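Here is how the chains run, residue by residue.
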Amino acid sequence: MRMFRSGTTERPDYFFVGAFFLLLALGMIMLSSASAVLSFQKFGTPYYYVVHQLLFGVLPGLVLLFAASRIDYHLWRPFALPFLLFSIGLLVLVFLPGIGYEFGGARRWVHLGPLLFQPSELAKLSFILYLAVWLSSKGVKHIQNFAYGFLPFSVMTGTLALLVILQPDVGTMGVIALIAFSMYFIGGAALPHLAIAATAGVTLLIILIRSAEYRFKRFMTFLHPELDPLGIGYHINQALLAIGSGGIFGRGFGHSRQKFAYLPEVTGDSIFAIIAEEMGFIFALLFIGLFVFLAVRGLRIARNAPDDFGKFIAIGIVAWIAFQAFINIAAMLSLLPLTGIPLPFVSYGGSSMRVSLFAIGILINISRQGKGERSA
C-alpha cells in the first residue's frame, strides 16, 4: 500500500516537528513539578501523575502520532462519516447510567471496564475530518448558498455542540464552535452567514450563562474577581497570585507554593499558573510563543497542502490547538472566564493527550505531502 502520492518529498516540516516535541517535553517536565504534591497526598509518591501520563497518554499517543504521520491522510476520507457517527454515539453513552462517569457535577467520561476516556476529545478530531470532507467536496458557490451551505453547517455544528453542552462542558463547546467557524470561514462562507453564526453563538453563550447560577457567578467573578475571594472567586484569585508571585524569573523549578493545596486543578486547567509561578514571566512568554510558532507553522502546512481536503484538516487541527491553548491561558490571566479546558500537551489527561498526538500525526503527514520549500 502506497503511503504517499507520487511527486512528494516525504519530508515533514522539521521546524513544526521540533517545536512540537520541545513543547511536549516541557509539558511533561512541568507536569512532574505541578503534580508532585497532589500525587504524594493521594498516592504516597510524587511521580504518580507524570508516570501515568507517560504510560497511558504520551507513549500510546506517540505510537498513534507515528502511525498517522506515515499513513496517507487521504485514506481517512472514506472513514470520516463513520468516525463522526461513532463519536456522537460515545457522546450519547455519556448519559447512560453505568457507562457515563460523573465527576464534579459533569458527565464527560465513558467508563467501559478498565477504560475511562472523554468522548468530546475524539469528537473534535472526527468533526474536523468530516467538515474537511464536506467543505472540500463543495465549491464556494454551494458553501455560500443558505440551503446547501449554511443550513447543513449549522445543523452539524449545533448537534455536536448540544451533546457537549448537556454534559455540561461549555468550554469544549466553545472550542468546537471556533474550530467549525474557522474552517467554514476558510471555505469561503458568505459574510452574512458568518455574522448570523457569530450572533447565534454569542446569544447562546449569554443564555447558557444566565441559565445556570454557577456560570453566572463565574462570569461575575471574571468581571469583579475581588467580590468573593474565598468563594467563587477563589480559583482565579489563587491563579493570579501564583502568576504574580513568579515575577520575572520565577521562584525556581519545583518551588511553587500554590501547588500545596492552595490552587485548584494544578494538574489540569491551572497548570499554566504553576508554570508562571515557578519559571517566571520570561519563560511563560516564551512558552506562549511556542504555541504561536506551532500555529504559524501549522498554517503554513495548510497553505502548502496538496489539496483542499488536506488544507481544511490542517486548518481545523491548528484552530483546535491554538484556540484551546489561548482560552486556557487567557482564563488563568483573567482575560476570559474560567472554562475548565486543558492546556494542550501539558495538562494531565490521557484522552486529550492521545487524540491530540494522533491529530498532530495527521498534520505531519500533510506537511510531508505539501508543496513548496520545507526549510523556509
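Bear in mind that the values here come from a model prediction, so they are computed numbers and not experimental data.

About the cut-offs
Residues numbered from 1 in each chain as written. Predicted model: local features only at pLDDT ≥ 70, side-chain atom pairs only at ≥ 80, totals over all residues. Heavy atoms only, no water. Helix = DSSP H or I, 4+ residues; strand = E, 2+ residues; numbered from the N terminus. Rg over C-alpha atoms; globule rule 2.2 N^0.38 Å. Buried < 20%, exposed > 50% of the residue type's maximum accessible area, 1.4 Å probe, protein only. Contact = heavy atoms within 4.5 Å. Areas by Shrake-Rupley, 256 points an atom, 1.4 Å probe, with all protein chains shown as cover. Lys, Arg positive; Asp, Glu negative; His and termini not counted. Charge placed at Lys NZ, Arg CZ, Asp CG, Glu CD. Patch = residues over 30% accessible without salt bridge, like charges linked within 9 Å, V, L, I, M, F, W, Y side chains within 5 Å. Salt bridge = Lys/Arg side-chain N within 4 Å of Asp/Glu carboxyl O. Expected span 1.5 Å × (residues − 1). Phe/Tyr/Trp six-rings, centres within 6.5 Å; stacked < 30°, edge-to-face > 60°.

**As for the overall build of the chain**
Item 1. Each helix and strand counted, the chain has 14 helices and three strands in total.
Item 2. By the compact-globule yardstick of 21 Å for 376 residues, the chain fits well, its C-alpha radius of gyration being 21 Å.
Item 3. Dimensions of the chain along its principal axes, counting C-alpha atoms only, are 55 × 45 × 45 Å.
Item 4. When the 376 residues of the chain are sorted by exposure, 50% land in the buried category.
Item 5. Pairs at least 24 apart in sequence give 73% of the contacts found in the chain among residues at least 6 apart.
Item 6. Accessible surface for the chain amounts to roughly 17,000 Å². Of this, 72% is attributable to carbon and sulfur atoms.
Item 7. Between the mean site of the 26 positive side-chain charges and the mean site of the 16 negative ones, the chain shows a separation of 7 Å.

**Some details on a nonpolar patch on the surface**
Item 1. Together, Y47, V51, L54, L55, F56 and L59 line one region of the surface with nonpolar side chains, adding up to about 570 Å² of accessible area.
Item 2. Among the structural elements, F56 can be located in helix α3 (residues 48-70).

**What about α3?**
Item 1. Taking 1.5 Å as the rise per residue, α3 with 23 residues should run 33 Å; its terminal C-alpha atoms sit 32 Å apart, in good agreement.
Item 2. Y49, V50, Q53, G57, V58, G61, L65, A68 and S69 are the residues of α3 that are buried.

**Side note on the packing of aromatic side chains**
Item 1. Summed over all chains, the structure comprises 12 aromatic pairs.
Item 2. For the ring pair Y49 and Y348, a centre distance of 5.0 Å and an interplane angle of 90° mean the geometry is edge-to-face. You can see Y49 sitting in helix α3 and its partner Y348 sitting in the loop between α13 (308-332) and α14 (350-368), a full 299 residues away along the chain.
Item 3. For Y348, a relative accessible area of 25% translates into the label partly exposed.
Item 4. Pairing F146 with F150 gives two aromatic rings, centres 5.4 Å apart and planes at 40°, and the pair type is tilted. In this pair, F146 and F150 are both assigned in helix α7 (residues 146-165), four residues apart and thus about one turn of the helix distant.

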